[in-house]
Amino acid sequence: MNHPDYIAAESIQQALHLKQVHGEDAHVVAGGTDLILRMRDEILAPELLIDLRKISLDRISKHEGGMQLGAYVQIAQLLAHPVIKETYPALAEACRQFAGPPIRNRGTLGGNIINASPAADLLPPLMAYDASLVLESISGQREMPLDQFLQGPGQTRLAPNELLTRIMLPQILANSATSFIKLGHRRSMAIAIVNVCTRISLAKDGSVEQARVVLGSVAPTVIRSQESEARLKGQLLSEDLIEDCARLAADDATPISDVRASSEYRKRMVRVLVRRALTANQSELSGGIAGA
Amino acid sequence: MRITVNGRQRDVSSEPVKTLLHVLREDLGLTGTKDGCSSGDCGACTVMLDGRVVNSCMVMVAQADGASVVTVEGIATGGQPAEVLHPLQKAFSQCWSFQCGFCTQGMLVSCYDLLQTNDNPSREDILTAIAGNFCRCTGYQAVVTAVQQAAAEIRTSDAGAQNERA
Ligand SMILES: Cc1cc2nc3c(=O)[nH]c(=O)nc-3n(C[C@H](O)[C@H](O)[C@H](O)COP(=O)(O)OP(=O)(O)OC[C@H]3O[C@@H](n4cnc5c(N)ncnc54)[C@H](O)[C@@H]3O)c2cc1C
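I will try to describe carefully the structure that is included in this document. (Residues numbered from 1 in each chain as written. Chains lettered and ligands numbered in written order. Predicted model: local features only at pLDDT ≥ 70, side-chain atom pairs only at ≥ 80, totals over all residues. Heavy atoms only, no water.)

**Observations regarding the interface of chain B and chain A**
Opposite the 26 residues of chain B that make contact, chain A presents 29 residues. Between chain B and chain A, roughly 2200 Å² of surface is buried when both sides are summed, and carbon and sulfur atoms account for 59% of that area. The largest contributions to the chain B side of the interface with chain A come from Arg52(B), Met58(B) and Gln63(B), which together make up 27% of the buried area. On inspection of chain B and its partner chain A, the count reaches 10 residue pairs in polar contact (both at pLDDT 80 or more). Broken down by secondary-structure element, the contributors of at least two residues to the side of chain B that touches chain A are β4 (52-55) and α4 (123-129) of chain B. Examining the composition of the side of chain B that touches chain A, we find that four residues originate from one element, β4(B), more than from any other. A class-by-class count of the residues in the side of chain B that touches chain A yields 14 nonpolar, seven polar and five charged. (Contact = heavy atoms within 4.5 Å. Buried area = accessible area lost by both parts, 1.4 Å probe. Polar contact = N/O pair within 3.5 Å; in protein donor to acceptor, adjacent residues only side chain to side chain. Helix = DSSP H or I, 4+ residues; strand = E, 2+ residues; numbered from the N terminus. Nonpolar A, V, L, I, M, F, W, Y, C, P; charged D, E, K, R; others polar.)

**Concerning the sheet that holds strand β11 (residues 176-183) of chain A**
The pairing of strands in a sheet happens through backbone hydrogen bonds and is either parallel or antiparallel. Residue and element names in this part refer to chain A. Reading across the sheet, the four strands line up as β11-β12-β13-β14 and stay open at both edges, with antiparallel pairing between neighbours. Edge positions in the sheet fall to β11 and β14 (223-224), since each of these pairs with one other strand and no more. Pairing analysis gives eight bridges linking strand β12 (residues 194-202) to strand β13 (residues 208-216), with the strands arranged antiparallel. Bridged to Cys197 within β13 is Val214. Sheet strands in contact with helix α5 (residues 89-96) are β11 and β12, and its direction is about 15° off that of β11. (Pairing = 2+ DSSP bridges. Axes fitted to C-alpha atoms, helices over the stretch in contact; angles between N-to-C directions.)

**Here we look at the site of the ligand**
Val28(A), Gly31(A), Thr33(A), Asp34(A) and Thr108(A) are the nearest of the 31 residues found near the ligand. With respect to the ligand, the chains having nearby residues are chains A and B. One of the backbone nitrogen or oxygen atoms of Val28(A) is found 2.6 Å away from an oxygen atom of the ligand. Note that an oxygen atom of the ligand is positioned 2.8 Å from one of the backbone N or O atoms of Leu35(A). In the complex, 93% of the free accessible area of the ligand, which totals 990 Å², lies under the protein chains. Listing elements by their share of the shell around the ligand, those giving two or more residues are β2 (26-29), α2 (35-40), α7 (109-115) and β10 (163-169) of chain A. Per-element accounting of the shell around the ligand gives the leading share, three residues, to α7(A). For the shell around the ligand, the per-class residue count stands at 18 nonpolar, nine polar and four charged. (Near = heavy atom within 4 Å. Areas by Shrake-Rupley, 256 points an atom, 1.4 Å probe, with all protein chains shown as cover.)

**Concerning the nonpolar core**
Residues and elements named next belong to chain A. Of all hydrophobic cores here, the largest spans 58 residues; its most connected members are Leu69, Leu78, Leu91, Ile113, Leu122, Leu126 and Ile167. The element that contributes the greatest number of residues to this core is α5, accounting for five residues. If we skip the residues at most four places from it in the chain, Leu91 touches Leu69, Leu78, Ile84, Leu122, Pro125, Leu126, Tyr129 and Leu169. Counting residues in hydrophobic clusters, the runner-up holds 32 residues, among them Leu202, Val208, Ala250 and Val274. (Core = buried A, V, L, I, M, F, W, Y, C linked by side-chain atoms within 4.5 Å. Buried < 20%, exposed > 50% of the residue type's maximum accessible area, 1.4 Å probe, protein only.)

**Overview of the layout of surface pockets**
Space inside the second largest pocket adds up to approximately 960 Å³. If you trace the second largest pocket, you find 29 residues lining it, with Arg104(A), Leu127(B), Thr128(B), Ala129(B) and Ala131(B) closest to the centre. Looking at the lining of the second largest pocket, the elements with two or more residues in it are α3 (75-79) and α6 (101-104) of chain A together with α3 (104-117) and α4 of chain B. For the lining of the second largest pocket, the residue count by class is 13 nonpolar, eight polar and eight charged. (1 Å grid on protein atoms, 1.4 Å probe; cavity = no way out; pocket = protein on both sides within 12 Å on 5 of 7 lines; lining within 4 Å. Points joined across faces, edges and corners; volume = space filled by probe spheres on them.)

Here it is in structure tokens:
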């Protein structure tokens, strides 16, 4: 490990100012659960660490029918929040399956997004709920949809002088169901082999008004399966349609082989998990048992 | 930097990026907390930081500046060395809940945290609480047994204390 300077910023302005001056040489510390390992393994050697813990970026509040989440909101905090569980259940489910209690007590939402791992568990539900990100620098702020923000493993469109401050979740259409499924080697403390999140929102006539089919761990970033989303739109859910979409989603996946699983296995599992997730959505929307 | 460890204020002058784990063990001599994997996976270094369980290998000491830490040494009462073991510690030894003992302190801290808010935990509650603590030799069943025994003892002594007051 190198020997960076360490500042716990007292205000967002101070943090933004330090980022403006030091750019890529300064790294933000949220929970540190990704950062510490990357420093230890000498993948990162920052000159300055800017700790965000004293800045109030840990609020969860309602906003224009949706919700607004501070970047420093911890996984455990999201998991314990009744409104998140009620309104964005797939996000709560991803938090429940995230690591174990000690990591959930440290890791933050913002860290999970900026770390931009293809296997990050919160990204599929956030994308399925059309989350957008508020990025701030001393010259102002901009908002960007999450699906445009991710560029590759660990690569995002965050500028060197910017911080992620808030995550915006829009109001979800009335007749919606979402489902998050994670496949790992064990039930806790596992990085996903594949994780998927689907959301189906139905129009009044029962046809699919909005579909999100989000795949994790099977491409350089978490991705939406354009093909299966297009196939779902305007249709009535059926077993055949779901099977078709599961196949299309597997076609959209371009996984690698690594220590956790082979590329072939991952592709097959995309098909299985998307089928299960959409089936859970279908049964929830038809008044059956709620999805996973 | 100043950290309250097991109720005592300690000044720490190490590098800010040194892990809390290594500060506890090397600078403060509290070697009950173990270094298992140094990557947040195994839970042998579990401590309470401002009342919540964390992996002390996943905390830089500067992140804990001003905070309060409880280690396994702080779970027993009556000063140090401990005079009165916590019911959990007694139950772990009575129920043979460890063999090599390397994971034990992490298990104790996680279960101590659980018992703060749940005095009658189910098997599922306990397994959820220790999801971040790996044991590679004894297994988890004897831990579940011990935690339930400790919880029962705490409930009985709380009830006893209430009766005395009444
Ligand atoms: C044992 C273990 C188990 C894990 N299990 C899981 C799991 O099950 N699922 C999963 O998805 N992940 C898992 N992770 C990864 C990690 O815990 C998460 O990605 C976590 O959300 C990271 O948050 P953090 O606050 O700790 O990030 P940090 O390490 O503090 O930061 C990560 C990166 O983001 C940057 N950053 C953080 N906040 C901001 C901000 N507001 N603005 C700009 N940049 C910022 C930092 O500079 C750094 O580059 C695990 C990690 C460990 C060690």
